[in-house]
Amino acid sequence: MSSVVTQRPQRSPKLDKRQVVETALRLLNETGLDGLTLRAIAKELDVQAPALYWHFKNKQELLDEMATEMYRRMVEDPGAVPDTDWRERLLTANRALRAALLSYRDGAKVFSGSRFTGTLHAVEMERTLTLFTEAGFTLAQAVRATFTTYLFTIGFVTEEQGVQPLPGERREGYDMTERARLMADFPLSAQAGALMFEDYDRNFEEGLAVIVTGIGVRFGIG
């Protein structure tokens with residue numbers, strides 16, 4: 001008689017949430033947000049996809065944790081956003097945010113609309129709102145000022161990464177010489193392309209400066 005050996009299913013290695021998130025952030029740079037699936041992450045971790053559902057019910061929960069980890073890494077340096085005047089805090093904080101988002105393919109898309117887990121973000125928020133209210137802003141004005149600059153940065157980087165997904169990359173269709181040729185009948189619009197789709201560092205700085213100056217004028221804060 002031949003005996004039948006029944007193989008037990010292999011047990012998946014123990015996964016912790018941080019390991020899943022770190023793998024997801026690494027894959028994000030390879031696949032982009034559209035290609036980042038729980039199945040792809042599970043394959044990279046050499047586990048079955050259901051193993052991930054112990055930690056995340058769906059992709060949005062994973063994105064929330066990814067955004068939280070991105071933020072955590074951004075504020076690891078306690079001196080990254082100094083307590084100076086409100087203008088300098090807005091400039092420094094939003095420069096740091098842009099740099100963090102640009103570290104990942106589709107970083108701005110991951111961050112946008114995600115809900116932070118935990119209360120780590122409240123530490124910097126409280127410091128910022130305290131600085132603003134002590135400078136003469138009402139709480140409502142402080143919230144509008146900080147949230148407006150945040151939205152500018154998220155929107156700016158979303159558009160920036162639509163052209164340059166990662167440093168050194170450039171999407172097809174954004175050749176400025178070809179664009180100018182196609183729009184030859186619209187000379188100002190043709191010239192505007194180079195101003196919009198090149199030198200993102202300068203564009204960001206000038207746009208942020210316009211907003212910060214406008215905040216001071218709008219609320220009458222010196």
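Residues numbered from 1 in each chain as written. Predicted model: local features only at pLDDT ≥ 70, side-chain atom pairs only at ≥ 80, totals over all residues. Heavy atoms only, no water.

A. Representation of a nonpolar patch on the surface in the model. A contiguous nonpolar surface patch, about 380 Å² in accessible area, is contributed by Leu-139, Val-143, Phe-147 and Leu-151. Looking at the secondary structure, you find Leu-139 in helix α7 (residues 139-163). (Patch = residues over 30% accessible without salt bridge, like charges linked within 9 Å, V, L, I, M, F, W, Y side chains within 5 Å. Areas by Shrake-Rupley, 256 points an atom, 1.4 Å probe, with all protein chains shown as cover. Salt bridge = Lys/Arg side-chain N within 4 Å of Asp/Glu carboxyl O. Helix = DSSP H or I, 4+ residues; strand = E, 2+ residues; numbered from the N terminus.)

B. The pattern of salt bridges, seen in detail. Counted under the stated rule, the structure contains 13 salt bridges. Among the ionic pairs, Glu-124 bridges to Arg-89, the shortest N-O distance being 2.8 Å. Linking Glu-124 in helix α6 (residues 120-134) with Arg-89 in helix α4 (residues 86-101), this pair joins segments that are 35 residues apart in sequence. Given a relative accessible area of 17%, Glu-124 falls into the buried group. With a relative accessible area of 2%, Arg-89 lands in the buried category. One salt-bridge network, held together by shared partners, links Arg-18, Glu-22, Glu-69, Arg-72 and Arg-73. (Buried < 20%, exposed > 50% of the residue type's maximum accessible area, 1.4 Å probe, protein only.)

C. Spotlight on the packing of α4 against α7. α7 packs onto α4 with a crossing angle of 30° between their chain directions and a minimal axis gap of 10 Å. In terms of orientation, α4 and α7 fall into the roughly parallel class. Between α4 and α7 lies a crossing whose hand is right-handed. In this structure, α4 contributes Leu-90, Asn-94, Leu-97, Arg-98 and Leu-101 to the contact, and α7 contributes Ala-145, Thr-146, Thr-149, Tyr-150, Thr-153, Ile-154, Phe-156, Val-157, Glu-160 and Gln-161. For the contact of α4 with α7, the residue count by class is eight nonpolar, five polar and two charged. (Axes fitted to C-alpha atoms, helices over the stretch in contact; angles between N-to-C directions. Parallel < 35°, antiparallel > 145°, perpendicular 65-115°, else oblique. Left-handed = near helix turned anticlockwise from the far one by under 90°. Contact = heavy atoms within 4.5 Å. Nonpolar A, V, L, I, M, F, W, Y, C, P; charged D, E, K, R; others polar.)

D. Examining the nonpolar core more closely. The biggest cluster of nonpolar side chains holds 31 residues, and the ones touching the most others in it are Val-20, Ile-41, Leu-52, Leu-62, Met-66, Leu-101 and Phe-111. Sorting the residues of this core by element identifies α1 (17-35), α2 (38-45), α3 (59-74), α4, α5 (107-111) and α7 as the ones contributing at least two each. Tallying contributions element by element places α1 first for this core, with seven residues. Beyond its immediate stretch of four places on either side in the chain, Ile-41 contacts Val-20, Thr-23, Ala-24, Leu-27, Leu-36, Leu-52 and Leu-62. One finds Trp-86, Leu-91, Phe-137 and Ile-221 within the second-largest nonpolar core, a separate group that totals 19 residues. (Core = buried A, V, L, I, M, F, W, Y, C linked by side-chain atoms within 4.5 Å.)

Purely spatial values, then, with no claim about function.
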